[in-house]
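If you want the building blocks of each chain, they are given just below.
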Amino acid sequence: MSAITAFAPLQEALDFLELNPDIEMFELFIIDNNGVPRGKLLHRDELLAVYESGRPLPSTILGLSINGDDVENTGLVWDVGDIDCRAYPVSGSLQRMPWRLIPTAAVQVSMHPQQGMPATVADPRHLLAKVIDGLKADGYYPVMAAELEFYLLDQQRDSHGRPQPARDADGQRPRATQVYGLRELEQIEPFLADLYSACKLQGIPARTAISEYAPGQVEITLEHRSDALQAMDEAVRYKRLVKGVAHKHGMVACFMAKPFDDLAGTGMHMHVSLADKEGNNLFASEAPDGTPLLRQAVGGMLSTLLDSLLMFCPNANSYRRFQSNSYAPLAATWGVDNRTVSLRVPGGPAFSRHIEHRICGADANPYLAAAAILAGIHRGIREQLDPGAPVEGNGYAQATEMLPTDWLTTLRALQGSEWAKEAFGPEFLKVYLAVKNSEYRQFMGEVGEQDWRWYLHQA
């Protein structure tokens, strides 16, 4: 069965209600194109109907700006009368939310292929499922994992109205970078304890935690999954969980790409390989740069990088992260075990050979980022693209094909891309580009034509 048409069975809800008699409320949510969870809060007695016949949601729910405003040019507002579109539960998403005061669980939904129209074409989860199905049809089964960084901030701004790192357990604010610092992790142990407990309860495979390259910045890796759609389902739910647990501890979990001008940006590294139907890694090789198929995958991602960059870096703030010697990407480059490039092939045993895609900001929608990555890989394989020689040494010093550092360039690139129209479909692109162009116009109206570049570097 295609992932597009696979929804959770009724028995999943019946079993959950029996095992969780204390749950009073259910948070029903869908992920929009900005990666924002939107939905409704339901009472316990409303849950079974969601599994039996879906839940009607307005068509506009998948045509909203980052601020939650209707975007008329999506075609999902007045043109269709803000019609009800039916969404059904995603299997495995029905989980307790232990940070809520009222006993509450959450269930993620996705639009039905037919009953969810016209909003179905704008569902980012459907887009990823479509790209995955295309790869599988050619015998390639994507394996993926997300690696997300975030800042833990105080709920109160400083005396100048600026965000500031949350206080540690000792009452002090972290001031030094202390990358890989163990004391820094110990100081946020109450938060980490609750976070890991919640991840275990929700079945989210949270693994290694590290103190990242700035005060108050943390990274926790998620284990790879042989089902790439499941991996991204877990990534979006993980972000929701981190924010909820942080709020319980009086903090704000910030996934903004560059919240501080003078501190490290916040990325979402995506790990990807391809397997055959039996689960054998098709990138596996004793050679550090992997198999010819791996190199074709790299070639495809590099060839589609500009066209899909908006999906990796969806906001004005995203481009502030692209700075030399910052461990963030700067150019269309690849290398072996090299953190100065955009596409890195990590070291390790042959069976683990894969690609680490280092371009996305943590503000990217995991579904859309994964869809763009996999569609690029598929192109590289179909056209047997050669990525050229891997970069050795300092990739920043050797960079020639620089990534754009402004939002408008990437908007125009996606809008004019024939490859994107074929890979993602004109219906999806119409909605997505309408949303992003609306946000861009609002942004320009707020800062002015002459000031917007200054704003990107100073805000």
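What you see is a predicted model; the values in this text were computed from it and never measured.

**Q** Would you explain a negative patch on the surface in this entry?
**A** On the surface, Asp69, Asp70, Glu72, Asp79, Asp82 and Asp84 cluster together into a negatively charged patch. Relative to the helices and strands, Asp82 resides in the loop between strand S3 (55-58) and strand S4 (84-89).

**Q** What's the story with the packing of aromatic side chains in this structure? I'm lost.
**A** Aromatic ring pairs are defined here through the distance separating the ring centres and the angle between the ring planes. If you walk through the whole model with that rule in mind, you get 10 aromatic pairs. Look at Trp407 and Tyr440: their rings are 5.7 Å apart centre to centre, the planes differ by 75°, and that puts the pair in the edge-to-face class. One end of the pair, Trp407, is in helix H11 (residues 407-415); the other, Tyr440, is in helix H13 (residues 426-447), with 33 residues separating them in the sequence. In this pair, the class of Trp407 matches that of Tyr440, namely buried. Site record: aromatic cluster; members linked through ring pairs are Phe150, Phe191 and Phe255. Over the face of the ring belonging to Phe255 we find Lys239, whose NZ or CZ atom lies 5.1 Å from the ring centre.

**Q** Looking at this structure, how should I read the state of the cysteines?
**A** By definition, a disulfide links the sulfur atoms of two cysteines through a covalent bond. In the structure shown here, the tally under the stated rule is 0 disulfides. For Cys254, which is in no disulfide, the shortest distance to another cysteine sulfur is to Cys313 and amounts to 16 Å.

**Q** So what exactly am I meant to see when it comes to helix H8 (residues 305-312) here?
**A** Owing to its 3.6 residues per turn, the α-helix brings residues three or four apart onto one side. Among the 8 residues that make up H8, 7 are buried, leaving the element largely enclosed by the rest of the structure. Listed as buried for H8 are Leu305, Asp307, Ser308, Leu309, Leu310, Met311 and Phe312.

**Q** Just to check I follow, could you spell out empty space enclosed by the protein for this structure?
**A** Rolling a probe over the atoms, with the probe sized like a water molecule, indicates the empty space that remains. Inspection of the entire model under this criterion finds 3 cavities of 30 Å³ or more. The volume enclosed by the largest cavity comes to roughly 160 Å³. Residue lining of the largest cavity: 17 residues in total, with Asp168, Pro174, Glu184, Ile188 and Gly216 positioned closest to the centre. Listing elements by their share of the lining of the largest cavity, those giving two or more residues are helix H4 (182-187) and strand S9 (217-222). Empty space within the second largest cavity amounts to approximately 70 Å³. Phe29, Ser93, Gln95, Met97, Trp99, Ala106, Gln202, Arg237 and Arg240 together form the lining of the second largest cavity.

So, how was this worked out
- Sequence order as written defines residue numbering, which begins from 1 separately in each chain.
- At least 70 in pLDDT is required for a residue's local features to be given in this predicted model, at least 80 for side-chain atom pairs to be given and counted, and no such filter applies to totals for whole chains, interfaces and linings, which use all residues.
- Based on all heavy atoms of the structure, the side-chain values leave hydrogens and waters out of the count.
- Each patch groups residues whose relative accessible area exceeds 30% and which form no salt bridge, using 9 Å between like charges and 5 Å between nonpolar side chains of Val, Leu, Ile, Met, Phe, Trp and Tyr.
- Using a 1.4 Å probe, accessible areas were evaluated by the Shrake-Rupley method; residue-level cover was limited to the displayed protein chains.
- One side-chain nitrogen of Lys or Arg within 4 Å of one carboxyl oxygen of Asp or Glu is enough to make a salt bridge.
- His is not counted, nor are the chain ends, whereas Lys and Arg count as positive and Asp and Glu as negative.
- The location of each charge is read from NZ of Lys, CZ of Arg, CG of Asp or CD of Glu.
- Note on conventions: DSSP H or I runs of at least 4 residues are helices, E runs of at least 2 residues are strands, and numbering of each starts at the N terminus.
- The aromatic pairing rule takes the rings of Phe, Tyr and Trp, using the six-membered ring of Trp, and pairs them if the centres are within 6.5 Å, calling planes under 30 degrees apart stacked, those over 60 edge-to-face and the rest tilted.
- Accessible area is worked out with a 1.4 Å probe on protein chains only. A residue is then buried under 20% of its type maximum, exposed over 50%, and partly exposed in between.
- Remark: a charge is flagged as sitting over a ring if the NZ atom of Lys or the CZ atom of Arg is within 6 Å of the ring centre and within 35 degrees of the ring normal.
- Only a pair of cysteine sulfur atoms within 2.5 Å qualifies as a disulfide here.
- Here a cavity is any set of points on a 1 Å grid over the protein atoms alone where a 1.4 Å probe fits but cannot get out, and a pocket is any open set with protein on both sides within 12 Å along at least 5 of 7 lines; a residue lines the site when it has an atom within 4 Å of a point.
- Grid points are joined across faces, edges and corners, and a volume is the space filled by probe spheres set on the points.

All quantities given are derived from atomic positions and should not be read as evidence of function.
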